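Close look at the chain arrangement
Listed below, chain by chain, are the residues.
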Amino acid sequence: MGLCNARTAHSSPGAPWSNASSTANGKRVSPSRPLDTITDPAEAEGFAMAVLKAMIGAAKADGHIDADERGRIFAEVERRDFDPETKAAIFQVLDAPVSIPDIAAAGTDEARAAEIWLAARLAVDVDHPAERVWLDALAHGLKLPAPLVEHLDRQAVIGLNDPGQEMDPARN
C-alpha cells in the first residue's frame, strides 16, 4: 500500500487554504487545485509531504513549534489520512532539519508552488522575524513572483483571523 491512498491524494475543501485563489501574470492560480490534478499516487504523496514539510519548516523557523502551529500541522496530517508509516515519517521531520530546496523541488509549476507557500504561511502566525525570513526564503526557492506572495500573504491573514470567511481575491 502506498503511503497516501487515492482518497487522500486530493486536496479537500476542509483545508485551511482551499478557498484561496490568486491571479498572477494574468492567470488564475488556485492553490487547492494542484493536488486535485495529480493522478499518480506517488507524485501526490510526494507533493503532500512537501506541503507538510513546508508547514513544519515555517513553524520551526523561530526555534520551536508552539501549540497552535503543532495543532495546524497535526490537523493537516489527520486530514490527509496518511497510513502509519507516513505519519511516523512526518513525526521524524518534526525533529529533523527541513530543506527549502527539497521542498521547492515539489513546486514544479506556479500553482503547486503557491499551494506549498500558502500552506507554510497558514501554519504560522508570523510573530517572529525568523518566520518571515524563512517564508521569504521559501518563496524565493519556489520562484514565486513577489506580487503573488504578497497576495497569498493577505489571504493567509484573512484565513488565520477568520477561518470561516471565504477568501475572495476580488475583495482583497
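The following refers to the structure shown. (Residues numbered from 1 in each chain as written. Predicted model: local features only at pLDDT ≥ 70, side-chain atom pairs only at ≥ 80, totals over all residues. Heavy atoms only, no water.)

Focus on the overall build of the protein chain
To keep it simple, the criterion reads: Going along the chain from the N terminus, every DSSP run of H or I of four or more residues is numbered as a helix, and every run of E of two or more is numbered as a strand. Partly exposed residues are those whose accessible area sits between 20% and 50% of the maximum for their type, while under 20% is buried and over 50% is exposed, using a 1.4 Å probe and protein chains only. Should any heavy atoms of two residues lie within 4.5 Å, those residues are considered in contact. Residue burial considers only the protein chains on display, and all accessible areas are found by Shrake-Rupley using a 1.4 Å probe.
Check the secondary structure of the protein chain and you find eight helices and two strands. Buried residues in the protein chain amount to 47% of all 172 residues. Considering only contacts in the protein chain between residues 6 or more positions apart, those separated by 24 or more positions represent 72%. Accessible area of the protein chain: about 8100 Å², with a carbon and sulfur share of 54%.

Focus on the pattern of salt bridges
Under the convention used in this document: Take a side-chain nitrogen of Lys or Arg and a carboxyl oxygen of Asp or Glu: if they are within 4 Å of each other, that pair is a salt bridge.
The full count for this structure, using the stated rule, is seven salt bridges. Between Arg-112 and Glu-43 there is a salt bridge whose closest N-O contact spans 2.8 Å. Of this pair, Arg-112 sits in helix H6 (residues 110-123) while Glu-43 is found in helix H2 (residues 41-60), placing the two residues 69 residues apart along the sequence. The exposure class assigned to Glu-43 is partly exposed, which follows from its relative accessible area of 35%. Across the pair Asp-125 and Arg-72 runs a salt bridge whose closest N-O atoms are separated by 3.3 Å. Taken together, the positions of Asp-125 in the loop between H6 and helix H7 (129-141) and Arg-72 in helix H3 (residues 67-80) put the pair 53 residues apart, joining distant regions of the chain.

Topic: H7
Quick note on the threshold: Multiply 1.5 Å by the residue count of a helix minus one, and that product is the helix's expected span.
For H7, built from 13 residues, the straight-helix expectation of 18 Å at 1.5 Å per residue is met to within 8% by its first-to-last C-alpha distance of 18 Å. Close packing links the buried residues of H7 with H2, H3, helix H5 (100-104), H6 and helix H8 (146-161). Looking one or two places after H7, you find Lys-143, whose phi comes out positive at around 60°.

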